[in-house]
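Understanding the architecture of this molecule
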Amino acid sequence: KERFSEVDIVTFREYELLRFAFEKGFFDSPKRIRLEEIAGIFGFSKSTVSETLRRGLKKVLKMYFEFY
């Protein structure tokens, strides 16, 4: 049985938002960019950005913890 299925693969939108958020300091403490700013730049709602980041991050963490 495969460890990962099609739904475990990070989508382009998830990748794009995760990469942007990471590069702009969203995951820093304190944050260098806010969720509202990311949403405005991409033209998405704040809730869409939040859900997409969480979904993508969950997939990345699942892959990380499965291999290490």
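Residues numbered from 1 in each chain as written. Predicted model: local features only at pLDDT ≥ 70, side-chain atom pairs only at ≥ 80, totals over all residues. Heavy atoms only, no water.

1. Description of the overall build of the chain
Each helix and strand in the chain was counted, giving three helices and zero strands. C-alpha extents for the chain along the principal axes are approximately 40 × 25 × 15 Å. Residues counted as buried form 26% of the 68 residues belonging to the chain. Taking the intrachain contacts of the chain between residues at least 6 apart in sequence as the baseline, contacts between residues at least 24 apart amount to 56%. On the chain, roughly 5400 Å² of surface is accessible, and the fraction owed to carbon and sulfur atoms is 56%. Positive and negative side-chain charges of the chain, numbering 14 and 11 respectively, have mean locations separated by a distance of 3 Å. (Helix = DSSP H or I, 4+ residues; strand = E, 2+ residues; numbered from the N terminus. Buried < 20%, exposed > 50% of the residue type's maximum accessible area, 1.4 Å probe, protein only. Contact = heavy atoms within 4.5 Å. Areas by Shrake-Rupley, 256 points an atom, 1.4 Å probe, with all protein chains shown as cover. Lys, Arg positive; Asp, Glu negative; His and termini not counted. Charge placed at Lys NZ, Arg CZ, Asp CG, Glu CD.)

2. Describing the pattern of salt bridges
Pairs can form between side chains of opposite charge whenever their charged atoms are close. Under the counting rule described, the total for this entry stands at seven salt bridges. Here Arg-34 makes a salt bridge to Glu-37, at a shortest N to O gap of 3.7 Å. One network of salt bridges, with partners in common, ties together Glu-14, Arg-55 and Lys-59. (Salt bridge = Lys/Arg side-chain N within 4 Å of Asp/Glu carboxyl O.)

3. A few points about a nonpolar patch on the surface
On the surface, Phe-22, Phe-27, Leu-57, Val-60, Leu-61, Tyr-64 and Phe-65 cluster together into a nonpolar patch covering about 700 Å² of accessible area. If one sorts the elements of the nonpolar patch by residue count, helix α3 (residues 46–67) sits on top with five residues. By secondary structure assignment, the location of Phe-27 is in the loop between α1 (12–24) and α2 (35–42). Using a relative accessible area of 38% as the deciding quantity, one classes Phe-27 as partly exposed. (Patch = residues over 30% accessible without salt bridge, like charges linked within 9 Å, V, L, I, M, F, W, Y side chains within 5 Å.)

4. Overview of the packing of aromatic side chains
Per the counting criterion, the structure on display carries four aromatic pairs. Seen in terms of ring centroids, Phe-26 and Phe-27 are 5.2 Å apart; in terms of plane orientation they differ by 80 degrees. Their pairing is edge-to-face. In this structure Phe-26 comes out as buried when scored by relative accessible area, which is 12%. Pairing Tyr-64 with Phe-65 gives two aromatic rings, centres 5.2 Å apart and planes at 80 degrees, and the pair type is edge-to-face. Owing to a relative accessible area of 45%, Tyr-64 belongs among the partly exposed residues under this scheme. Judged by its relative accessible area of 57%, Phe-65 is exposed. An aromatic cluster of at least three residues, connected via ring pairs, comprises Phe-20, Phe-42 and Phe-44. (Phe/Tyr/Trp six-rings, centres within 6.5 Å; stacked < 30°, edge-to-face > 60°.)

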